[in-house]
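A structural walkthrough
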Amino acid sequence: MNEIGKIIGERIKQLRKNNNWSQEELAHRANLNRTFVGAIERGEKNITLESLSKIASALEISLEEIFRHIQPVSKNTLNTTVPFIINRINAMNENEQKAVLEFLDLITKWKDY
């Protein structure tokens, strides 16, 4: 599966978790199969625009919101982990982002010892 499919799946997973929904709950609300939703979130299945629209509708968000903050992996990017980190951090609220920053500061300081 391509990287963009994995990134979109990760974004859908974060949006689902923000609602405290299980995959089964999202699948039910979107009128999709639960195993299909799981495969999308893991980046194992290509999602159609129709299924993406159903998921956005179930989450009560626009399609634009699904793509907001997604950082695509360019061919010039040596490390493909960075876009996943950025996408996950962008899905967090401000307090969670501050906690991640504090944690990164601790790791950096620990590494310097």
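Quick look at the structure, then. Just so we're clear, the structure is a prediction, and the values are computed from it rather than from any experiment.

Reading the values: rules and limits
- Residues numbered from 1 in each chain as written.
- Predicted model: local features only at pLDDT ≥ 70, side-chain atom pairs only at ≥ 80, totals over all residues.
- Heavy atoms only, no water.
- Patch = residues over 30% accessible without salt bridge, like charges linked within 9 Å, V, L, I, M, F, W, Y side chains within 5 Å.
- Areas by Shrake-Rupley, 256 points an atom, 1.4 Å probe, with all protein chains shown as cover.
- Salt bridge = Lys/Arg side-chain N within 4 Å of Asp/Glu carboxyl O.
- Helix = DSSP H or I, 4+ residues; strand = E, 2+ residues; numbered from the N terminus.
- Buried < 20%, exposed > 50% of the residue type's maximum accessible area, 1.4 Å probe, protein only.
- Contact = heavy atoms within 4.5 Å.
- Arc of directions from axis to C-beta.

A closer look at a nonpolar patch on the surface
Together, Phe 103, Leu 104 and Ile 107 make up an exposed nonpolar region whose accessible area comes to about 280 Å². Tracing the backbone through its elements, the reader meets Ile 107 in helix H7 (residues 94–112).

What about the pattern of salt bridges?
According to the stated counting rule, one finds 6 salt bridges in the structure shown. For the salt bridge of Glu 10 with Arg 88, the shortest nitrogen-to-oxygen distance reads 2.3 Å. Of this pair, Glu 10 sits in helix H1 (residues 3–18) while Arg 88 sits in helix H6 (residues 81–90), placing them 78 residues apart in sequence. Given a relative accessible area of 39%, Arg 88 falls into the partly exposed group. A salt bridge links Glu 41 to Arg 16; the nearest nitrogen and oxygen atoms lie 2.6 Å apart. Linking Glu 41 in helix H3 (residues 34–41) with Arg 16 in helix H1, this pair joins segments that are 25 residues apart in sequence. Across the pair, Arg 16 and Glu 41 agree in class, each one buried.

Quick look at the side chain of Glu 10
On the basis of relative accessibility, which here comes to 11%, the residue Glu 10 falls in the buried class. Residues within four places of Glu 10 in sequence aside, it is in contact with Glu 41 and Arg 88.

Here we look at helix H2 (residues 23–30)
Quick reminder: α-helices carry 3.6 residues per turn. Residues three or four places apart thus point the same way. Of the positions making up H2, those classed as buried are Gln 23, Leu 26, Ala 27 and Ala 30. When H2 is viewed along its axis, its buried side chains cluster within an angular range of 100° and face the same direction. Away from its buried face by more than 90 degrees, H2 exposes Glu 24 and His 28. Structurally, H2 contributes buried residues whose contacts are with H1, H3 and helix H4 (49–59). Phi for Asn 31, located one or two positions after H2, is positive at around 60°.

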